[in-house]
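Residue strings, one per chain:
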Amino acid sequence: EDPIYVLENNIPIDAQYYLEHQLSQPLKRIFEPITANASALFSGDHTRKIAVKTPSVGGLLKFTKKVNTCAGCRSPLPEGKGMDSILCKHCLPKASEVITSKVASVRELEAQFARLWSQCQRCQGSLHQDVLCSNRDCPIFYRRKKIQVELADKQAALDRFNAATDW
């Protein structure tokens, strides 16, 4: 898959596939002259086990129903309007704290994105133009894209409060 498509659609990376099909053969060729059994490097108790996320489309998830959750404690919410559709009855008294934490997380992501954007502008050579970078080898490019996706999610969560109130 295209790495940007994976970031934007929150698709989990299949590390086992990359280990078996991309890394194992070149590493075996490197370690065969050094060790007697180079394939033992990729199996055994010393290897890390990675849990693969279940897909969010298809299978049993076709039969599930999406329910709004509390922005404070993530508990399921009954259908409601206003602040009742965002916070549960236990989190409603501390609504200001929940909103403040959501705003703080959005501000932190905005600051990270701005730092990465500035770094890309410096790399490009101009601080006064939009970044036209699409260098797929640059780690900052992917960090910037990842933070951009996270920022959109956090902003959408914050927009739930704006839609429920007349601020």
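What counts, and at which threshold
Residues numbered from 1 in each chain as written. Predicted model: local features only at pLDDT ≥ 70, side-chain atom pairs only at ≥ 80, totals over all residues. Heavy atoms only, no water. Helix = DSSP H or I, 4+ residues; strand = E, 2+ residues; numbered from the N terminus. Buried < 20%, exposed > 50% of the residue type's maximum accessible area, 1.4 Å probe, protein only. Patch = residues over 30% accessible without salt bridge, like charges linked within 9 Å, V, L, I, M, F, W, Y side chains within 5 Å. Areas by Shrake-Rupley, 256 points an atom, 1.4 Å probe, with all protein chains shown as cover. Salt bridge = Lys/Arg side-chain N within 4 Å of Asp/Glu carboxyl O. Core = buried A, V, L, I, M, F, W, Y, C linked by side-chain atoms within 4.5 Å. Contact = heavy atoms within 4.5 Å. Expected span 1.5 Å × (residues − 1). Axes fitted to C-alpha atoms, helices over the stretch in contact; angles between N-to-C directions. Parallel < 35°, antiparallel > 145°, perpendicular 65-115°, else oblique. Left-handed = near helix turned anticlockwise from the far one by under 90°. Nonpolar A, V, L, I, M, F, W, Y, C, P; charged D, E, K, R; others polar. Disulfide = S-S within 2.5 Å. Phe/Tyr/Trp six-rings, centres within 6.5 Å; stacked < 30°, edge-to-face > 60°.

Asks: Could you give an account of unusual backbone geometry, naming the residues involved and the relevant values?
Replies: With a phi angle near 65°, R74 is a residue other than glycine that sits in the positive phi range. Considering the arrangement of structural elements, one finds R74 in the loop between helix 2 (15-31) and helix 3 (95-124). A residue is classified by how much of its surface remains accessible, and R74, at 62% relative accessible area, is exposed.

Asks: Describe a nonpolar patch on the surface, naming the residues involved and giving the relevant values.
Replies: A cluster of nonpolar residues, I30, F31, I34 and L41, forms a patch on the protein surface that exposes about 370 Å² of accessible area. As for its placement among the helices and strands, I34 is situated in the loop between helix 2 and helix 3. The exposed category is assigned to I34, whose relative accessible area is 63%.

Asks: Residue-level account of the nonpolar core, with values.
Replies: Core analysis: the biggest nonpolar cluster contains 25 residues, and C70, A71, L87 and F161 have the highest contact counts within it. Mapped by element, the contributors of at least two residues to this core are helix 3 and helix 4 (139-164). Counting residues per element, this core draws most heavily on helix 3, at 8 residues. Sequence-distant contacts of C70, defined by excluding residues within four places in its chain, comprise S75, L77, I86, L87, C88 and C91.

Asks: Please set out helix 4 residue by residue, giving values where relevant.
Replies: If you check helix 4, its first and last C-alpha atoms are 38 Å apart, about what 26 residues at 1.5 Å a residue would give, namely 38 Å. Every buried residue belonging to helix 4 is among I140, F141, Y142, R144, I147, L151, L158 and F161, and all of these are buried. The elements touched by buried residues of helix 4 are helix 1 (3-9) and helix 3.

Asks: Go over the packing of helix 3 against helix 4 with me, naming the residues and quoting the values.
Replies: One can describe the packing of helix 3 onto helix 4 by two numbers: an axis separation of 9 Å at closest approach and a directional angle of 155°. Judged by the inter-axis angle, helix 3 sits roughly antiparallel to helix 4. Where helix 3 crosses over helix 4, the two elements pack in a sense that is left-handed. For the contact of helix 3 with helix 4, the residue count by class is 14 nonpolar, 5 polar and 6 charged.

Asks: Before we move on, can you summarise the side chain of S24 with the specific residues and values?
Replies: Positionally, S24 belongs in helix 2. In contact with S24, not counting residues within four places along its chain, are L19 and F42.

Asks: So what's going on with the state of the cysteines? Which residues, and what values?
Replies: Counted under the stated rule, the structure contains 0 disulfides. Free cysteine C70: the closest other cysteine sulfur is in C91, separated by 3.7 Å.

Asks: I'd like a description of helix 3, backed by residues and values.
Replies: Residues spaced three or four apart along an α-helix point in a common direction, a consequence of the helix completing one turn every 3.6 residues. Along its 30 residues, helix 3 runs 43 Å from first to last C-alpha, staying within 8% of the 44 Å computed at 1.5 Å per residue. Looking only at helix 3, the buried set comprises A95, V98, I99, V106, L109, F113, L116, C120 and Q121. As for helix 3, its buried residues are in contact with helix 4. Count one or two residues on from helix 3 and you reach G125, which has phi positive near 105°.

Asks: Describe the packing of aromatic side chains, naming the residues involved and giving the relevant values.
Replies: With the rule as written, the count across this model stands at 2 aromatic pairs. For the pair F141 and Y142, a centre-to-centre distance of 5.4 Å together with 75° between the ring planes defines the contact as edge-to-face.

Asks: Kindly report on the environment of D130, identifying the contributing residues and their values.
Replies: Structurally, D130 is set in the loop between helix 3 and helix 4. Linking D130 and S118, residues 12 residues apart in sequence, is a C-alpha distance of 10.0 Å. Ignoring sequence-local partners within four residues, the contact set of D130 consists of W117 and Q124.

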